[in-house]
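Overview (structure and organization)
Listed here are the chains, written in short residue letters.
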Amino acid sequence: MNIKKVGVVGCGLMGHGIVQVAAQGGCEVIALESDQAFLDKGLSRVDKSLAKLASKNVEKGKMDQAAADAWVKETRARITGTIQRADVADCDLVIEAIVENLDVKKELFKDLGGICKPETVFASNTSSFPIGEMAEASGRPSRFVGLHFFNPVQLMRLVEVVRTDDTDGAVFEAALEFGKACGKHPVSCKDTPGFVVNRLLVPYMVQAIDMLDRGDASKEDIDAAMQFGCGYPMGPLTLTDYVGLDTTLSILQGWTERYPDEPAFKIPASLERLVAEGKFGRKTGEGYYKWDGDKKA
Ligand code: 3HC
């Protein structure tokens, strides 16, 4: 099975990055959004990121300016935007990267199941929802995988490839190959809460928030401790702002509903409060820190 044409549903924080790395990997990509303004915003992020990567490659002497310009042009030419679901009908793979809401995702896959050709493989970039439930909703559970990328997709080298008991072996292999084509290191995971990374990372972020809420240390010191003591590129509170407080909360809400007795999934009070105040982190300009664009204010 060879994945050449890819549909990406959702062109937001994660989706635009997936669009880009799939195009960088040589695939023809259809970026599907619900609204033209969201689509334009997502594609302009792709343009900015491609320009940045190209100029880095020139700076590092990996490419001359002409080669970098040609790379940007060729990569961008593989991407088409649309707001019509029917335009992904003949894709080999359709990856969902929409809002973290299981009912909305299931509805989408049910619809795509009726639109796409029977061979199309479906994938979800969900951080935490059971892949099996979406696979069931799509009506083609054997052709369904999880493809979980990391933020920023253009820079983070991992993709988790998740299989359910129903996933066909050839479909799973094709998904692993697709991950490699996107320049990622694929790891195979079963359909368990948070897969590998978030099962470890989210409870760690929760512990850091609890520590801050108890007043054990300042946010700056908690972050500096993990950066300079453990060599992490970002401290846990900066990372929560980076991932999005809304996303982190919705992951935890999904887990606490399913696993009410698991203490590692307890929701910190300040996380709920900040989300209720619309402070989602970097993307809204404030979370645990204040942000000015991509940098802390
Ligand atoms: N495209 C192109 N270039 C980009 C970019 C993008 N999307 N994002 C950042 N860059 C550029 C920066 O602009 C910068 O360029 P410059 O040197 O010219 O200024 C360069 O890449 C390096 O960025 P930084 O200067 O910010 O340097 P860092 O060394 O800190 O790298 C980082 C940034 C890679 C984000 C690093 O801080 C990091 O690895 N942080 C941890 C991120 C992480 O843990 N992500 C996983 C989150 S969990 C998740 O996503 C799962 C989800 O389900 C919750």
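All residue numbers refer to position in the chain's written sequence, counted from 1. Local features in this predicted model are restricted to residues whose pLDDT is 70 or higher, and side-chain atom pairs enter the listing and the counts only when it is 80 or higher, whereas totals over whole chains, interfaces and linings include all residues.

The next point concerns the UniProt feature "domain: 3-hydroxyacyl-CoA dehydrogenase NAD binding" (unreviewed entry) in the protein chain. UniProt positions are given in the numbering used here, feature names are shortened, and annotations may be inferred rather than shown by experiment. Per the UniProt entry, the sites bearing "domain: 3-hydroxyacyl-CoA dehydrogenase NAD binding" (unreviewed entry) are residues 5-192 in this numbering. Numbered from the N terminus, helices here are DSSP runs of H or I no shorter than four residues, and strands are runs of E no shorter than two. Across residues 5-192, the secondary structure splits into 44% helix and 21% strand, with the terminal C-alpha atoms separated by 29 Å.

Moving on, we get to the site of the ligand. By definition, a residue lies near a molecule or strand when the C-beta atom built from its backbone is within 6 Å of it. In the region of the ligand, 17 residues are neighbours, and Ser 49, Ser 127, Asn 151, Pro 152 and Pro 233 sit closest. Ranked by the residues each element gives to the shell around the ligand, the list is headed by helix α2 (residues 36-59), at three residues. Looking at the shell around the ligand residue by residue, the classes come out as 10 nonpolar, six polar and one charged. Residues lining the shell around the ligand come from more than one domain, with at least three contributed by each of domain 1 (5-190) and domain 2 (201-287). Here the nonpolar group is Ala, Val, Leu, Ile, Met, Phe, Trp, Tyr, Cys and Pro; Asp, Glu, Lys and Arg are the charged ones; every other residue, Gly included, is treated as polar. Residue ranges labeled as domains rest on an automatic or database domain assignment.

Mapped onto this numbering, the UniProt entry annotates "domain: 3-hydroxyacyl-CoA dehydrogenase C-terminal" (unreviewed entry) at residues 194-291. Measuring from the first to the last C-alpha atom of residues 194-291 gives 27 Å, for a span that is 61% helix and 1% strand.

Turning our attention to the nonpolar core. Membership of the largest hydrophobic core comes to 55 residues, with the highest contact counts inside it found for Val 8, Ile 18, Val 19, Ala 22 and Val 29. Contact between two residues is assigned whenever their backbone-derived C-beta positions fall within 7 Å. Once residues lying within four places of it in the same chain are set aside, the contact partners of Val 8 are Gly 15, Ile 18, Val 19, Ala 22, Val 29, Ala 31, Leu 32, Ile 95 and Ala 97. What makes a nonpolar core is a set of buried Ala, Val, Leu, Ile, Met, Phe, Trp, Tyr and Cys residues, with links drawn between C-beta atoms within 7 Å. Counting other C-beta atoms within 10 Å of each residue's C-beta, where C-beta atoms are placed from the backbone, gives the exposure class: buried for 20 or more, exposed for 12 or fewer, partly exposed between. Membership of the second largest hydrophobic core comes to 21 residues, among which are Leu 212, Val 243, Leu 252 and Leu 274.

Here the focus is the pairing of strand β4 (residues 93-96). Along any regular strand the residues' side chains alternate between the sheet's two faces. Of the two faces of β4, the one holding Leu 93 and Ile 95 and the one holding Val 94 and Glu 96 are both buried throughout. The pairing criterion is simple: DSSP has to find at least two bridges between the two strands. In this sheet, β4 lies alongside strand β1 (residues 5-9) in parallel orientation, the contact comprising four bridges. Opposite Val 6, over in β4, you have Leu 93 as the bridge partner. Across four bridges, β4 lies against strand β5 (residues 121-124) in parallel orientation. Looking across to β5, one finds that Val 94 is bridged to Phe 122.

Another point: the sheet that holds strand β7 (residues 158-163). Across the sheet, which stays open at both edges, the eight strands sit in the order β3-β2-β1-β4-β5-β6-β7-β8 with mixed pairing between neighbours. Each edge of the open sheet carries a strand with a single partner, namely β3 (79-82) and β8 (185-190). With strand direction ignored, the average angle separating the axes of adjacent strands in the sheet is 25°. Here four bridges tie strand β6 (residues 144-149) to β7, and the two strands are oriented antiparallel to one another. Its bridge partner lying in β7, Phe 149 is registered against Val 159. A fitted line through C-alpha atoms serves as each axis, taken over the contacting stretch for helices, and the angle formed by two N-to-C directions is quoted from 0 to 180°. With respect to the sheet, helix α5 (residues 131-138) is in contact with β5, β6 and β7, its orientation differing from that of β6 by roughly 135°.

Neither face of β5 is open: one carries Val 121 and Ala 123, the other Phe 122 and Ser 124, and all of them are buried. Taking the sense of rotation as the criterion, the β-α-β connection linking β4, helix α4 (residues 102-115) and β5 turns out right-handed. Sheet topology places β5 next to β6; three bridges connect them, and they run parallel. Bridging from a neighbouring strand, Ser 124 pairs with Gly 146 of β6. Seen with its strands pointing away from the viewer, a crossover is right-handed when the path leading from the first strand over the helix to the second is clockwise. For the segment spanning β5, α5 and β6, crossover handedness is right-handed.

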